Amino acid sequence: MPEITATAVKQLREKTGAGMMECKNALVEAGGVEEKAIDILRERGLASAKKREGRIAAEGIVGSYIHMGGKVGVLVELNCETDFVARGDEFQQLVKDIAMHVAAAEPKYVSREEVPAAVLEKEREIARAQAKNDPKMANKPDQVIEKIVEGRLNKFYEETVLVDQPFVKASEKTVGELVTEKIAKTGERIAIRRFTRYKMGEGLERRPDDFGGEVASMLE
């Protein structure tokens, strides 16, 4: 399989407006051939999703998910352009799925843009120190170290950013890709505006429980 470079993914994104992961997956499926990747994105209705980003999405609903026994509760605000779409079964199900995902995966931010600069810098420092302290990285040039740091930052995003997390009900796609699919189906801009996750007893000293694991196990 040919190597899919970050430059190739960026170029495809600029040409199609599709998300980074959608572009990367399309290039992998197309064997690295850009023209085929564009066709794949168009067939999936993803190539025009970015065109809807400038539209106003002021409608939508606030959905909720309560874990069994009331141990975890989640509120999610999902926006769209019209009340018609907001009242549709597919949109309602999307809100429920995202709320359940938040309960299980415990994201901290909706998007990468929400991650504070200070948090990112701290993660970079930790990743850089880990790389430099690794005997295997001895005498490696700085550019190699920085590539490793960026790779670990991407892992940080996958663990903490909602739209970058693998969707708990279908881990082959991210939450962001799930939303993009719905954009293609509805023809409207859909955006996760915010979420709040409550855990019973959070901040109080008590025995630890794996609530995320319990929620995830319900989906198996």
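Residues numbered from 1 in each chain as written. Predicted model: local features only at pLDDT ≥ 70, side-chain atom pairs only at ≥ 80, totals over all residues. Heavy atoms only, no water.

### Description of the packing of helix α1 (residues 6-16) against helix α2 (residues 20-29)
Here's step 1: Following both chains from N to C, one finds α1 and α2 inclined at 110°, their axes separated by 9 Å at the closest point. The pairing of α1 with α2 is recorded here as roughly perpendicular in orientation. Seen from above, α1 lies across α2 with right-handed handedness. Of α2, the residues touching α1 (which contributes Ala 8, Val 9, Leu 12, Arg 13 and Thr 16) are Met 20, Cys 23, Lys 24 and Leu 27.
Here's step 2: A class-by-class count of the residues in the contact of α1 with α2 yields 6 nonpolar, 1 polar and 2 charged. (Axes fitted to C-alpha atoms, helices over the stretch in contact; angles between N-to-C directions. Helix = DSSP H or I, 4+ residues; strand = E, 2+ residues; numbered from the N terminus. Parallel < 35°, antiparallel > 145°, perpendicular 65-115°, else oblique. Left-handed = near helix turned anticlockwise from the far one by under 90°. Contact = heavy atoms within 4.5 Å. Nonpolar A, V, L, I, M, F, W, Y, C, P; charged D, E, K, R; others polar.)

### A short note on the environment of Lys 24
Here's step 1: Its place among the elements puts Lys 24 in helix α2.
Here's step 2: As a C-alpha pair, Lys 24 and Val 9 span 15 residues in sequence and 5.6 Å in three-dimensional space.
Here's step 3: Discounting residues that sit within four places of it in the chain, Lys 24 has contacts with Ile 4 and Val 9.

### Looking at the nonpolar core
Here's step 1: Within the largest apolar cluster, 27 residues are counted, with the highest numbers of intra-cluster contacts made by Val 76, Leu 78, Phe 91, Ile 98, Ile 190 and Ile 192.
Here's step 2: Among the elements of the structure, β2 (72-80), α4 (83-86), α5 (89-105), α8 (175-186) and β5 (191-199) are those that each provide at least two residues to this core.
Here's step 3: The biggest single contributor to this core is α5, with 8 residues.
Here's step 4: Setting aside residues no more than four positions away along its own chain, Val 76 makes contact with Ile 61, Val 62, Gly 63, Val 95, Ile 98, Ala 99, Val 102, Ile 192, Arg 194 and Phe 195.
Here's step 5: Listed in part, the 11 residues of the second largest apolar core include Leu 27, Ala 30, Ile 40 and Leu 41. (Core = buried A, V, L, I, M, F, W, Y, C linked by side-chain atoms within 4.5 Å. Buried < 20%, exposed > 50% of the residue type's maximum accessible area, 1.4 Å probe, protein only.)

### A word on the pattern of salt bridges
Here's step 1: Scanning the entire structure with this criterion turns up 11 salt bridges.
Here's step 2: A salt bridge links Lys 185 to Glu 90, with the shortest nitrogen-to-oxygen separation between them at 3.4 Å. With Lys 185 in helix α8 and Glu 90 in helix α5, this pair connects stretches of sequence that are 95 residues apart.
Here's step 3: For Glu 90, a relative accessible area of 37% corresponds to the partly exposed category.
Here's step 4: For Arg 124, the salt bridge is made with Glu 150, and the minimal N-O distance between the two is 3.7 Å. Note that Arg 124 is positioned in helix α6 (residues 117-133) and Glu 150 in helix α7 (residues 142-160), a separation of 26 residues in sequence. (Salt bridge = Lys/Arg side-chain N within 4 Å of Asp/Glu carboxyl O.)

### A closer look at helix α3 (residues 34-43)
Here's step 1: Along α3, the residues that are buried comprise Glu 34, Ala 37, Ile 40 and Leu 41. In a view along the axis of α3, the buried residues occupy a sector of 115°, so they form one face of it. Of the exposed residues in α3, those oriented more than 90 degrees away from the buried face are Glu 35, Lys 36, Arg 42 and Glu 43.
Here's step 2: Against the buried residues of α3 lie α1 and α2.
Here's step 3: Gly 45 occupies a position one or two residues after α3 and carries a positive phi of about 75°. (Arc of directions from axis to C-beta.)

### Digging into the environment of Ala 127
Here's step 1: As for its position among the elements, Ala 127 is in helix α6.
Here's step 2: Taking the relative accessible area as the measure of exposure, Ala 127 reaches 4% and is therefore buried.
Here's step 3: It is 9.1 Å that separates the C-alpha atoms of Ala 127 and Glu 146, two residues lying 19 residues apart in sequence.

### Here's the deal with a nonpolar patch on the surface
Here's step 1: Together, Val 62, Leu 75 and Tyr 198 make up an exposed nonpolar region whose accessible area comes to about 310 Å².
Here's step 2: Following the sequence through the fold, Leu 75 ends up in strand β2. (Patch = residues over 30% accessible without salt bridge, like charges linked within 9 Å, V, L, I, M, F, W, Y side chains within 5 Å. Areas by Shrake-Rupley, 256 points an atom, 1.4 Å probe, with all protein chains shown as cover.)

### So, the pairing of strand β1 (residues 59-66)
Here's step 1: In this structure, β1 lies alongside β2, joined through 8 bridges in antiparallel fashion. By the bridge assignment for β2, Ile 66 is matched with Gly 73.
Here's step 2: Counting the residues in the hairpin turn of β1 and β2 gives 5 residues, including Gly 69, whose phi is positive at 85°. (Pairing = 2+ DSSP bridges.)

### Examining the side chain of Lys 182
Here's step 1: Here Lys 182 lies in helix α8.
Here's step 2: Within the local environment of Lys 182, its side chain forms a polar contact with the side chain of Glu 90, the two groups lying 3.1 Å apart.
Here's step 3: Sequence-distant contacts of Lys 182, that is, excluding residues within four places in its chain, are made with Glu 90, Leu 94 and Ile 190. (Polar contact = N/O pair within 3.5 Å; in protein donor to acceptor, adjacent residues only side chain to side chain.)

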